[in-house]
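Here's the letter readout for the chains.
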Amino acid sequence: MSDMASFRAAVTAWAAGGPGDPARELALSVPVRAVVLLEGPSDVAAVDALAASRGRDLAAEGVCVLPMGGAMSVGRFAHILGPTGLGLRLTGLCDEAERGYYTRGLERAGVAEQTFFVCAADLEDELIRALGVARVEELVGVEGDLRALRTFLNQPAQRGRTTQQQLRRFFGTKKGRKIHYGRVLVEALDPARVPAPLDGLLAGL
């Protein structure tokens, strides 16, 4: 396990109620200068893929990209990592629907909300709009999931939804699929069409 992975694991354990000393010690020895708080591993896959496409190694730069396991955890992580905890710079992405959790959690931890970037619906929605539905469907075919997509689209629950909404839901129907396409969609982006929240996040690091 790399030093940054060890720090990420120590912080996650701390947020779950474990001791904070391992994370404190690792924060000094790694060292860590900033933490990117993300809701889940699919967001991590997208951020890591964009960083790699720009020739950046965030861990080597002292940036920890950390999945929190859901938006409602932001307050706990901000408390132990921000001004009231390790004093690290915090940034990240959130969905528009989860903005309230972030506003309240960050305010309690003394973190400025403007350090976070908001996706209109979620990051998958941003990526689908940036690529276009036709290109995303082409990528699904390239990845060998076209038959699974067609089966999914034939389900009664999908009738009446836009193709964009259907694709977003499809990515979450199988374990690991959302993470996989977080990377695939970012790698397929035209550099000039990176969604603004994702582009702003990377540019600010």
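This one's a predicted model, so the numbers in the text were calculated from it and none came from an experiment.

1. Focus: the overall build of the chain
Along the backbone of the chain there are eleven helices and four strands. In terms of C-alpha radius of gyration, the chain reaches 18 Å, essentially the compact-globule figure of 17 Å for 205 residues. Each principal axis of the C-alpha atoms in the chain carries an extent, and together these give about 50 × 35 × 30 Å. Sorting the 205 residues of the chain into buried and exposed places 46% on the buried side. Counting contacts in the chain only where the partners sit at least 6 residues apart, residues at least 24 apart contribute 74% of the total. Entry remark: accessible area of the chain is about 9,900 Å², with carbon and sulfur atoms responsible for 50%. Averaged over its 24 positive side-chain charges, the chain has a centre that lies 5 Å from the centre of its 24 negative ones.

2. Some thoughts on the packing of aromatic side chains
Counting across every chain of the model gives four aromatic pairs. Pairing Phe 170 with Phe 171 gives two aromatic rings, centres 6.0 Å apart and planes at 55°, and the pair type is tilted. In this pair, the class of Phe 170 matches that of Phe 171, namely buried. With centroids separated by 4.7 Å and ring planes inclined at 25°, the aromatic side chains of Phe 171 and Tyr 181 adopt a geometry described as stacked. Pair noted here: Phe 171 is in helix α9 (residues 163-171) and Tyr 181 is in helix α10 (residues 177-187), with a separation of ten residues, a long-range link. Summarising the burial analysis for this pair, Phe 171 and Tyr 181 share the class buried. A network of ring pairs unites the aromatic residues Phe 152, Phe 170, Phe 171 and Tyr 181 as a single cluster.

3. Description of the pattern of salt bridges
Tallied over the entire structure, the rule returns eleven salt bridges. Put simply, Arg 24 and Asp 21 hold a salt bridge, and the shortest N to O gap is 2.9 Å. In this pair, Arg 24 and Asp 21 are both assigned in helix α2 (residues 21-29), three residues apart and thus about one turn of the helix distant. Classification of Arg 24 by relative accessible area gives partly exposed; the value is 39%. Between Glu 187 and Arg 183 there is a salt bridge, with the nearest N and O atoms lying 3.0 Å from each other. Taken as a pair, Glu 187 and Arg 183 lie in helix α10 at a separation of four residues, close to a single helical turn. Accessibility expressed as a relative area gives 33% for Arg 183, which makes it partly exposed. Salt bridges sharing partners connect three or more residues here, namely Arg 33, Arg 56 and Glu 61.

4. Points about unusual backbone geometry
Put simply, Val 30 and Pro 31 share a cis peptide bond, and its omega is -15°. Following the sequence through the fold, Pro 31 ends up in the loop between α2 and β1 (34-38).

Reading the values: rules and limits
Residues numbered from 1 in each chain as written. Predicted model: local features only at pLDDT ≥ 70, side-chain atom pairs only at ≥ 80, totals over all residues. Heavy atoms only, no water. Helix = DSSP H or I, 4+ residues; strand = E, 2+ residues; numbered from the N terminus. Rg over C-alpha atoms; globule rule 2.2 N^0.38 Å. Buried < 20%, exposed > 50% of the residue type's maximum accessible area, 1.4 Å probe, protein only. Contact = heavy atoms within 4.5 Å. Areas by Shrake-Rupley, 256 points an atom, 1.4 Å probe, with all protein chains shown as cover. Lys, Arg positive; Asp, Glu negative; His and termini not counted. Charge placed at Lys NZ, Arg CZ, Asp CG, Glu CD. Phe/Tyr/Trp six-rings, centres within 6.5 Å; stacked < 30°, edge-to-face > 60°. Salt bridge = Lys/Arg side-chain N within 4 Å of Asp/Glu carboxyl O.

Honestly, it's all geometry; don't read function into it.
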